[in-house]
Amino acid sequence: MRIATVQSLKVAAKKARSERESIKTEVLVCAGTGCLANGSLAVVESLERSICSRKLTAELKLGLKTTGCHGFCEKGPLVVIQPKGIFYKGVKPKDVKEIIEKTLISGEVIERLLYRDPNTKERIEEYTEIPFYSRQLRIALRNIGKIDPGSIDDYIAVGGYAGLATALTEMTPEEVIDSITKSGLRGRGGGGFPAGRKWKTCRNAPAETRYVLCNADEGDPGAFMDRSICEGDPHAVIEGMVIGAWAVGANSGSIYVREEYPLAVKHLQLAIDQAREKGFLGDDILGSGFSYDVHIARGGGAFVCGESSALMKSVAGEVGEPRAKYIHSVIRGLHDQPTVLNNVETWANVPWIINEGAEKFATLGTGKSTGTKAFSLVGKVKNTGLVEVPMGITLREIIFEIGGGIIGDRPFKAVQTGGPSGGCLPEDKLDLPVDFDTLTEAGSMMGSGGMIVMDDRTCMVDTARYFLEFLVDESCGKCIPCREGVHQLHCILEDICAGEGQPGDIEKIESLSDVIVSASLCALGKSAPNPILSTLRYFRNEYEAHINDGKCAAGVCRNLFSFEISEEACVGCGLCIKACPVDSILGEKKEVHRINGKTCTRCGACRNICAVDAIKVV
Amino acid sequence: MTKTCVDPKKARKILDRYPSGDGTSLIHALQDIQAEFGYVPCEAAELLCEHLSVPISKAFSAATFYKAFSLEPKGDVVIRVCTGTACHIRGAQTLVDELCSILNVAPGKTTKDLKFTLETVNCVGACAMAPVVSLNGEYHGNVQPGTMSKKIRGGK
Ligand SMILES: Cc1cc2nc3c(=O)[nH]c(=O)nc-3n(C[C@H](O)[C@H](O)[C@H](O)COP(=O)(O)O)c2cc1C
Ligand code: FES
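Since we're looking at a predicted model, the values are computed, not measured.

K.L.:
Explain the overall build of chain B here, please?
P.N.:
When helices and strands are counted, chain B shows seven helices and four strands. The order of α-helices and β-strands along chain B, N terminus first, is α-α-α-α-β-α-α-β-β-β-α. With respect to the principal axes defined by its C-alpha atoms, chain B has extents near 50 × 30 × 20 Å. Considering chain B as a whole, with its 156 residues, one finds that 54% of them fall into the buried category. Here the contacts in chain B between residues at least 6 apart in sequence split such that 65% fall between residues at least 24 apart. Computing the positive centroid from 18 side-chain charges and the negative centroid from 15, chain B places the two 6 Å apart.

K.L.:
What am I meant to see in the site of ligand 1 here?
P.N.:
All names here are of chain A. As a structural note, the neighbourhood of ligand 1 is formed by 18 residues, with Gly189, Gly219, Asn342, Asn343 and Thr346 the closest of them. Contact distances for ligand 1 include 3.4 Å between an oxygen atom and a backbone N or O atom of Leu341. In the model, an oxygen atom of ligand 1 is placed 2.8 Å from a nitrogen or oxygen of the Asn343 side chain. For ligand 1, the accessible surface in isolation is 610 Å², of which the surrounding protein chains cover 87%. Taken together, the residues of the shell around ligand 1 break down into four nonpolar, nine polar and five charged.

K.L.:
Explanation requested: the pattern of salt bridges in the structure shown.
P.N.:
Where charged atoms from two side chains of opposite charge approach closely, those side chains can pair. Going through the model one piece at a time under the given rule, you end up with 42 salt bridges over all chains. Between A:Arg298 and B:Asp32 there is a salt bridge, with its nearest N and O atoms 3.6 Å apart. Within this pair, whereas A:Arg298 is found in strand E9 (residues 293-298), its partner B:Asp32 is found in helix H2 (residues 26-37), the two belonging to separate chains. Note on A:Arg298: relative accessible area 29%, which makes it partly exposed. By relative accessible area, which is 13% here, B:Asp32 ends up buried.

K.L.:
It is not clear to me how the pairing of strand E13 (residues 372-379) of chain A should be interpreted in this structure. Could you clarify?
P.N.:
On a regular strand, one side chain projects to one face of the sheet and the next to the other, so that they alternate. Residue and element names in this part refer to chain A. Counting buried residues in E13 gives eight out of eight residues, a clear majority hidden from the surface. Along E13, one buried face is formed by Thr372, Ala374, Ser376 and Val378 and the opposite face, lined by Lys373, Phe375, Leu377 and Gly379, is buried too. Here six bridges tie E13 to strand E14 (residues 385-390), and the two strands are oriented antiparallel to one another. Across the sheet, residue Ser376 finds its bridge partner in E14, namely Leu386. In sequence, E13 turns back onto E14 through a hairpin of five residues.

K.L.:
Help me out: how do you make sense of the side chain of B:Glu119 in this one?
P.N.:
All names here are of chain B. By secondary structure assignment, the location of Glu119 is in strand E2 (residues 116-121). Look at Glu119 and you get buried, because its relative accessible area is 13%. Within the structure, Glu119 has its side chain in polar contact with the side chain of Lys74 (distance 2.9 Å).

K.L.:
Looking at this structure, I do not really get the domain arrangement of chain A. What am I missing?
P.N.:
Interface size is commonly expressed as the accessible area that is lost once the parts come together. For chain A, the domain assignment lists domain 1 (22-130), domain 2 (152-362), domain 3 (372-455), domain 4 (460-549) and domain 5 (562-617). Put simply, the middle of domain 1 of chain A and the middle of domain 5 of chain A, counted by C-alpha atoms, are 40 Å apart.

K.L.:
Is there a simple way to explain the domain arrangement of chain B in this structure?
P.N.:
The domains assigned to chain B are domain 1 (8-65) and domain 2 (77-152). Between the C-alpha centres of domain 1 of chain B and domain 2 of chain B the distance comes to 30 Å.

K.L.:
How do you make sense of the interface of chain A and chain B when you look at a structure like this?
P.N.:
Listed as interface residues are 51 residues of chain A and, on the opposing side, 30 residues of chain B. Taken together, both faces of the contact between chain A and chain B bury some 3,300 Å²; the carbon and sulfur share is 57%. There are three salt bridges connecting chain A and chain B. Across the pair B:Lys67 and A:Glu474 runs a salt bridge, and its minimum N-O distance is 2.4 Å. For the interface between chain A and chain B, the tally reads 20 residue pairs in polar contact (both at pLDDT 80 or more). Of all the secondary structure elements, the ones that give two or more residues to the side of chain A that touches chain B are helix H2 (33-37), E13, strand E17 (450-455), helix H19 (460-474) and helix H25 (605-609) of chain A. Sort the elements by how many residues they give to the side of chain A that touches chain B and H19(A) lands first, with six residues. Broken down by class, the residue content of the side of chain A that touches chain B amounts to 25 nonpolar, 14 polar and 12 charged.

Calculation notes
Residues numbered from 1 in each chain as written. Chains lettered and ligands numbered in written order. Predicted model: local features only at pLDDT ≥ 70, side-chain atom pairs only at ≥ 80, totals over all residues. Heavy atoms only, no water. Helix = DSSP H or I, 4+ residues; strand = E, 2+ residues; numbered from the N terminus. Buried < 20%, exposed > 50% of the residue type's maximum accessible area, 1.4 Å probe, protein only. Contact = heavy atoms within 4.5 Å. Lys, Arg positive; Asp, Glu negative; His and termini not counted. Charge placed at Lys NZ, Arg CZ, Asp CG, Glu CD. Near = heavy atom within 4 Å. Polar contact = N/O pair within 3.5 Å; in protein donor to acceptor, adjacent residues only side chain to side chain. Areas by Shrake-Rupley, 256 points an atom, 1.4 Å probe, with all protein chains shown as cover. Nonpolar A, V, L, I, M, F, W, Y, C, P; charged D, E, K, R; others polar. Salt bridge = Lys/Arg side-chain N within 4 Å of Asp/Glu carboxyl O. Pairing = 2+ DSSP bridges. Domains from an automatic or database assignment. Buried area = accessible area lost by both parts, 1.4 Å probe.

Shown next, in the form of structure tokens:
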């Protein structure tokens, strides 16, 4: 039913809240992509069946919900039981019976399913006490894991669309812009441009039509914050966009979503339909006379389409090639009209700022980087997943306290932020505060929030080669410095990784990079050399070892090393023999094993599996 | 573009969703065609361009620019190896190499018998389980070298 006034929104919120409160025990099952892949759907089905067949819903006032990503993807499928906050990890359908009988009916905790702190070895009952969660501060991800993303009532129950009501009835568009400016909110999509300033420029640009768009292209390979927000709390994005549209005076817009994110598309579309039905989208929103509607534009799997001018072309149904930006897209954007484009996470912050106040947001974080930032913490870190932390926290806190340190307690080597346009920072930068300006100064960048942790088994030259390969693939080909230059850089790196590097290669890389940075048309090209330049800055010795000594100490570049089994360390357990896909390891049980260097493909399966670290790179 | 038999009725049904002569629907319509046929057949693209009054070169340009489009039919089993950053540093390249040699095709290609297509993708959002391989959309996490052949041989 349509919610036509602010008053009826308040009534609806009260009703939705009391419905939520009537539920005494709530079982929340994560159905984010990570947990789905781990089989959480089977857990939900099994729970549904048992709960229905035993008529527990009425008896125990039990609620079952599938939610968006809880963030702790490493340990999925995750089940949280509220109000106590009991956190079960790695739940299988066969555990369901026990969960129902012990926890739901008798109120007991099942030890086996609890999270165990790898350092203290203690089992932790409540999820707020797990270090992975306790150090986080969730604003953009505030509702994810707590609400059913498919239910607008659930969103309204937790205060959804109240920010929109405030903006439309108690604030002028200028006041909204002022508030966003005061909050210090900067774009979360990579550039970090102040959102308030962008909105103001758009509002002041003379035009009949303006557009408000959302960038959900999330091109950074290894990042999934935006996806989790779209999947887990789509209404937050929509509410933010309507507030933004009111502020700049736009009546329509789009959300540009990656084609590879089918679940995000589905949840966003459902949310849009529900918001239209309730009247939060469409004409005369909440009786204010203001109209705004939004459509989904599916991306086609091109990284460059995340760039603003390319994105707008793609939304307009053309091939997404960027243009030179003598005139910015806030002035001349979609269909040549003034357009505000913000990132998913930026939009998700907006309702919170209106609800809680710009001052409160501005006190979080550091001077020029206020609020929080979501990161996808991945790579060789123990607790992989999605985290949101206040700006200004150090890299060390994120990686070692929230992330729990490096897998297998191996030595830390580098952390990569900023995706293909970003860079790698070494150990001595770990105490830097994470904010837009500090990371840029250090030669990396905040980017959209991918944070990839690397250990001593990651080769930095190969990492640079990897990003360049990605960029060669994704360069649209419109300008020559990027199309040809990045390709040449990639060729040089391929040679170095193949053991065919030449003295002078490093200098060639540096001068070529200079040209690409200054002469490319869009930010894809301009930032393409970053992965090489930052690794050269901090790990030049690795490049030199590859070129001059023909050695890859990390054991990645296959022409530049071989594996050997250490006689002292090997216990003859046979694990590596089983793991080897080409039967190149020989040896009797309890005797030292040997690798046949002639047939070994250096795939590393033995090294991954060895429990005593006996496989050495030589 | 590969010539194959395409059910013109199915293609027509997609075209009817878009007003004739409106070139701005090109990409949306191509996405629908891709979804219906699993690739963009030449005949369907020709019909579409006629319908929208755009030159076929435009359809070709869009279909080669965006990764979501394929101009060749796909195999029964589409194997996607994630080569996003998280998967890369946990050994995705080894898996790609291994699959290339098992199937005897390059990434992006389909085996002659149309049984398997090998593709690489950038991050499927399950980085916590890296390296990730999906078989017809079903995810397999923490895949170790040497285990792929068993997984796909079920179907070979
Ligand atoms: C090559 C390239 C790719 C980009 N990809 C994305 C992306 O995937 N998601 C995103 O939000 N911004 C991306 N951006 C940044 C956008 O151009 C734009 O700055 C951003 O969407 C603005 O929103 P924000 O101010 O809220 O961050 C990309 C930029 C470039 C140059
Ligand atoms: S990098 Fe492979 S799933 Fe994210």
